[in-house]
Amino acid sequence: MARNAEKAMTTLARWRAAQEGGTQQQKVRRPYLASECEDLREAEKWRNQVISEIARKVSQIQNAGLGEFRIRDLNDEINKLLREKGHWEVRIKELGGPDYVRVGPKMTDMDGQEAPGNRGYMYFGAAKDLPGVRELFEQEPPPPPRKTRGELMKDIDADYYGYRDDDDGVLIPLERKAERKAIQAAVKQYTNKKLAAITGEDEEGEETQENGVEDEDDVESENEEISLDETDERSEVQRFMAHVPNIPTQADIENALVERKKRELLQTYLGD
């Protein structure tokens, strides 16, 4: 018969004792609601436990090879634990403990940067690179600055209002040519309507007469157009004005300076 001390040292006995101790430890679970805790030390312990779980899951979520679904689940669990930590901090303040909401540090990721989020929901580690998440944090480019009235008026000059458009010698001949074509087309249309309105017995004679009149008008109009073009070209050459005076040469400037120096010397020594 073995002694009781020897029985207690056997492997089976130690394993049994470890199992009983573990079950006793497992019976002490964190309260589901922070308001159920009435002890300040217990509240501090549960808060630290939540923080350790958050740190462990934040380190796990840094692995981008976990897959999209696992990363999303981990991110949801971290946000849930953060909310629970906030409940414990509120309960600690109610029990007379420190205000961790005001004194405690901000939640940061592994790089030491504050965790980005939207409406209280934060993203950690590889969750920031998930499809649809990166677009949430991309800032839109600022709109281009609007110009003031003074800046807009700087670019306005005489060309903006159409001045000096007729001085290039190109626009007026083109306008006259277009005007003559428009007048000829209007006259031709009027004569056609007038001849069509006139009714007579001899229609064939009238048609031949009309054709002859049109041919004569065409010949006369062509001759007039040629003559007008020639006269317009001559008149445009004659009427072209130079708004800039003749630019003096270097010799003219030197002569003017010499004359001015002579006048100053004569005025200095001889007087008026």
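Preceding block: the structure.
Parameters and conventions
Residues numbered from 1 in each chain as written. Predicted model: local features only at pLDDT ≥ 70, side-chain atom pairs only at ≥ 80, totals over all residues. Heavy atoms only, no water. Helix = DSSP H or I, 4+ residues; strand = E, 2+ residues; numbered from the N terminus. Buried < 20%, exposed > 50% of the residue type's maximum accessible area, 1.4 Å probe, protein only. Contact = heavy atoms within 4.5 Å. Areas by Shrake-Rupley, 256 points an atom, 1.4 Å probe, with all protein chains shown as cover. Core = buried A, V, L, I, M, F, W, Y, C linked by side-chain atoms within 4.5 Å. Patch = residues over 30% accessible without salt bridge, like charges linked within 9 Å, V, L, I, M, F, W, Y side chains within 5 Å. Salt bridge = Lys/Arg side-chain N within 4 Å of Asp/Glu carboxyl O. Phe/Tyr/Trp six-rings, centres within 6.5 Å; stacked < 30°, edge-to-face > 60°. Lys NZ or Arg CZ within 6 Å of the ring centre and 35° of its normal. Axes fitted to C-alpha atoms, helices over the stretch in contact; angles between N-to-C directions. Parallel < 35°, antiparallel > 145°, perpendicular 65-115°, else oblique. Left-handed = near helix turned anticlockwise from the far one by under 90°. Nonpolar A, V, L, I, M, F, W, Y, C, P; charged D, E, K, R; others polar. Lys, Arg positive; Asp, Glu negative; His and termini not counted. Charge placed at Lys NZ, Arg CZ, Asp CG, Glu CD. Polar contact = N/O pair within 3.5 Å; in protein donor to acceptor, adjacent residues only side chain to side chain. Expected span 1.5 Å × (residues − 1).

Visitor: Lay out the overall build of the protein with the relevant residues and their values.
Guide: Along the backbone of the protein there are 10 helices and 2 strands. Counted from the first residue to the last, the protein has its helices and strands arranged as α-α-α-α-α-β-β-α-α-α-α-α. The 272 residues of the protein split such that 16% are buried. Nonlocal contacts in the protein, meaning residues at least 24 apart in sequence, comprise 59% of its contacts between residues at least 6 apart. When the accessible surface of the protein is summed, it comes to about 22,700 Å², and 53% of that surface belongs to carbon and sulfur atoms.

Visitor: So what's going on with the nonpolar core? Which residues, and what values?
Guide: Within the largest apolar cluster, 21 residues are counted, with the highest numbers of intra-cluster contacts made by I54, I61, I71, I78, W88, F124 and A127. Residue contacts for A127: discarding those within four places in its chain leaves I61, I71, N75 and V133.

Visitor: Mind laying out a nonpolar patch on the surface, listing which residues take part and the relevant values?
Guide: Nonpolar side chains collect at one region of the surface, where L265, L266, Y269 and L270 lie side by side and expose about 500 Å² of accessible area between them. Mapped onto the elements of the fold, L266 is located in helix 10 (residues 250–269).

Visitor: An account of the packing of aromatic side chains is requested, with residue identities and associated values reported.
Guide: In total, this model carries 1 aromatic pair according to the counting rule given. Residues Y121 and Y123 carry aromatic rings whose centres are separated by 5.1 Å and whose planes lie at 70° to one another, so their mutual orientation is edge-to-face. A relative accessible area of 26% means that Y121 is categorised as partly exposed. Its relative accessible area of 15% is what places Y123 among the buried residues. The ring of W46 has K45 lying over it, and the distance from NZ or CZ to the ring centre is 4.2 Å. Its end group placed over the ring of Y100, R47 keeps NZ or CZ at 3.8 Å from the ring centre.

Visitor: Residue-level account of the pattern of salt bridges, with values.
Guide: The final tally for this structure, using the stated rule, is 11 salt bridges. Salt-bridge contacts for E38 lead to R91; the nearest nitrogen and oxygen are separated by 3.0 Å. Placement of E38 in the loop between helix 2 (11–27) and helix 3 (40–60) and of R91 in helix 4 (residues 68–94) is noted, with a sequence separation of 53 residues between them. Among the salt bridges present, the one from D99 reaches K93, with a minimum N-O distance of 3.6 Å. The exposure class assigned to K93 is partly exposed, which follows from its relative accessible area of 48%. Shared partners join several salt bridges into a network, and the residues in it are R30, E53 and E84.

Visitor: Quick one: what's the story with the packing of helix 3 against helix 4, residue by residue and with numbers?
Guide: To characterise two packed helices, one gives the angle between the axes of the helices and the distance between these axes. Close contact between helix 3 and helix 4 brings their axes to 9 Å; oriented N to C, the two are set at 160°. Of the possible angle classes, the one that applies to helix 3 and helix 4 is roughly antiparallel. As for how helix 3 packs across helix 4, the hand of that crossing is left-handed. Between helix 3, through L40, A43, E44, W46, R47, V50, I51, E53, I54, K57, V58 and Q60, and helix 4, the contact on the second element is made entirely by R70, L74, E77, I78, L81, L82, E84, K85, W88, E89 and I92. Classifying every residue of the contact of helix 3 with helix 4 by side-chain character gives 13 nonpolar, 1 polar and 9 charged.

Visitor: A description of a negative patch on the surface should follow, citing residues and the corresponding values.
Guide: A contiguous patch of negative charge on the surface is contributed by D165, D166, D168, E175 and E179. Take D166: it is sitting in the loop between helix 7 (149–154) and helix 8 (171–197). Residue D166 is classed as partly exposed on the basis of its relative accessible area, which comes to 46%.

Visitor: Can you lay out the side chain of E44 for me, pointing to particular residues and giving the numbers?
Guide: Mapped onto the elements of the fold, E44 is located in helix 3. As a buried residue without a salt bridge, E44 has its nearest oppositely charged side chain in R47, at a separation of 4.9 Å. Side chain to side chain, E44 and Y100 meet in a polar contact 2.9 Å long.

Visitor: Residue-level account of helix 10, with values.
Guide: Spanning 20 residues, helix 10 covers 29 Å between terminal C-alpha atoms, matching the ideal 28 Å at 1.5 Å per step. Just past helix 10, the residue G271 takes up positive phi, approximately 80°.

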